[in-house]
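This is what each chain is made of:
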Amino acid sequence: MNFHVLTLFPEMVEDALGTSITGRAMAKGIIRLHTVNIRSFSLRGDGRIDDYPYGGGAGMVMQAEPVMRAFESLEAKLPSQCRVICLTPQGRVFDQKMAEELAGEGDLVFLCGHYEGIDERVLDEIVTDHVSIGDYVLTGGELPALVMMDAISRMVPGVLSNQESGQTESFQGGLLEYPQYSRPEDWRGKKVPPVLLSGHHANVDRWRREQSILRTLRNRPELLERAVFDKKDRKYLRGLISGQAEEEITLDQITFLSKLLANMEKS
Ligand code: ADE
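Residues numbered from 1 in each chain as written. Predicted model: local features only at pLDDT ≥ 70, side-chain atom pairs only at ≥ 80, totals over all residues. Heavy atoms only, no water.

K.L.:
How would you sum up the site of the ligand? Please name residues and give values.
P.N.:
Taken together, the residues surrounding the ligand are Leu87, Thr88, Pro89, Val131, Ser132, Ile133, Gly134, Tyr136, Val137, Leu138, Gly140 and Pro144. Calculation on the ligand without its partners gives an accessible area of 260 Å², and the protein chains cover 96% of this total. Elements supplying a minimum of two residues to the shell around the ligand: strand 5 (83–93) and strand 7 (129–132). Here the shell around the ligand gets three residues from one element, more than from any other, and that element is strand 5. (Near = heavy atom within 4 Å. Areas by Shrake-Rupley, 256 points an atom, 1.4 Å probe, with all protein chains shown as cover. Helix = DSSP H or I, 4+ residues; strand = E, 2+ residues; numbered from the N terminus.)

K.L.:
Could you give an account of unusual backbone geometry, naming the residues involved and the relevant values?
P.N.:
With glycine set apart, most residues show a phi of negative sign, and most peptide bonds adopt trans. In this model, Arg183 is joined to Pro184 through a cis peptide bond whose omega is 5°. Structurally, the position occupied by Pro184 is in the loop between helix 7 (162–165) and strand 8 (186–187). You will see that Ser20, though not glycine, has its phi angle at about 60°, which is positive. Looking at where Ser20 falls in the secondary structure, it is placed in helix 2 (residues 20–27). Even without a glycine there, the phi angle at Gln81 is positive, about 70°. Mapped onto the fold, Gln81 is located in the loop between helix 3 (64–75) and strand 5. Residue Gln81 is classed as exposed on the basis of its relative accessible area, which comes to 75%. (Buried < 20%, exposed > 50% of the residue type's maximum accessible area, 1.4 Å probe, protein only.)

K.L.:
Mind laying out the packing of helix 1 (residues 10–17) against helix 6 (residues 142–154), listing which residues take part and the relevant values?
P.N.:
Close contact between helix 1 and helix 6 brings their axes to 10 Å; oriented N to C, the two are set at 30°. By the angle class used here, helix 1 and helix 6 are roughly parallel. Note that helix 1 runs across helix 6; the crossing there is right-handed. Listed contacts from helix 6 to Met12, Val13, Ala16 and Leu17 of helix 1 are Glu142, Leu143, Leu146 and Met149. (Axes fitted to C-alpha atoms, helices over the stretch in contact; angles between N-to-C directions. Parallel < 35°, antiparallel > 145°, perpendicular 65-115°, else oblique. Left-handed = near helix turned anticlockwise from the far one by under 90°. Contact = heavy atoms within 4.5 Å.)

K.L.:
Give a detailed account of the pairing of strand 6 (residues 107–112), specifying residues and quantitative values.
P.N.:
Counting buried positions over the six residues of strand 6 gives six, a clear majority of the element. The pairing of strand 1 (residues 2–7) with strand 6 spans five bridges and is parallel. Bridging across to strand 6, Leu6 finds its partner in Leu111. Examined bridge by bridge, strand 5 and strand 6 share five bridges and lie parallel to one another. Within strand 6, the position partnered with Cys86 by the bridge is Leu111. Traced from strand 5 through helix 4 (residues 96–102) to strand 6, the parallel crossover comes out right-handed. (Pairing = 2+ DSSP bridges. Right-handed = clockwise from strand over helix to strand, strands pointing away.)

K.L.:
Kindly report on the sheet that holds strand 7, identifying the contributing residues and their values.
P.N.:
For sheets, the rule is that strands pair by backbone hydrogen bonds, running either parallel or antiparallel. In space, the five strands of this open sheet follow the order 2-1-6-5-7, with parallel pairing throughout. Whereas interior strands pair on both sides, the edge strands pair on one side only; in this sheet they are strand 2 (32–37) and strand 7. Ignoring strand direction, the axes of neighbouring strands in this sheet form an average angle of 30°. In this structure, strand 5 lies alongside strand 7, joined through five bridges in parallel fashion. When the bridges of strand 7 are listed, Arg92 appears paired with Val131. Contacts between helix 6 and the sheet are confined to strand 1, strand 2, strand 5, strand 6 and strand 7, with strand 6 contributing the most and set at about 160° to the helix.

K.L.:
Help me get a handle on the domain arrangement of the protein chain, residues and values and all.
P.N.:
Segmenting the protein chain into domains produces domain 1 (2–164) and domain 2 (174–266). A separation of 39 Å is found between the C-alpha centroids of domain 1 and domain 2. (Domains from an automatic or database assignment.)

K.L.:
Can you tell me about the pattern of salt bridges, naming the residues and giving the values?
P.N.:
Enumeration over the complete set of coordinates arrives at 11 salt bridges. A salt bridge links Glu210 to Arg206; the nearest nitrogen and oxygen atoms lie 3.2 Å apart. Here Arg206 and Glu210 lie together in helix 8 (residues 201–219), a separation of four residues that amounts to about one turn. For Arg220, the salt bridge is made with Glu222, and the minimal N-O distance between the two is 2.7 Å. Here Arg220 falls in the partly exposed class, since its relative accessible area comes to 31%. Here Glu222 falls in the partly exposed class, since its relative accessible area comes to 41%. When salt bridges that share partners are traced, they join Arg83, Glu101, Glu105 and Asp129 into one network. (Salt bridge = Lys/Arg side-chain N within 4 Å of Asp/Glu carboxyl O.)

As structure tokens, this is what we get:
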């Protein structure tokens, strides 16, 4: 995977991606990072690449020409049809599915904006995807580009070791991950759930599945609407509703689950 990043802060991107698992993948050559400093393409002697917005208003706008020239400087290295991603809070919200889809590309270009935005005309010219990493506003596109590159890299074959990729992970099967415990068995009086010490693999798997459902219900109930439940899962859900399960849930959660089960039985 070749990542190309158009940015005003190349060292920020290089330092972060060069660290930890993505750094290891770069050292192995599975991932390559190529940054382009937009400031090098300033049209002015002072290195500035921003100007006042037409129509007035607060803040400055990144000018079209330096951004276009920065892009053109790497065009020869890109395949035709390469996706060019502009990081912006106005974009489509990034998720695991998008990470998996983008990991199938050979090259990706990230355009990191700063100030109040980038002149729309150059965006129209070069950008294929506008992507946001969530409903909040950051000072620039570098952190969002890094978030995306990290999540995409994990999906590129060879980046994670077998042990790392073998883990059952959050969002696999549409549920959040179950809680994990390591030594000691008793930490400051808090015990590891006994089933995990039982050596009974089927019971461990069942417990983990139920904890995933419970955690998803508590933290991200909307994800349950798209999850697939088998007979045992539905029995657990009924147990939660009736109060027979070990775990307690709130009245709102009971109402939510009752509707969910009723819809499942309808379809
Ligand atoms: N730039 C500023 N905020 C952003 C966000 N939430 N996502 C993507 N790019 C951004």
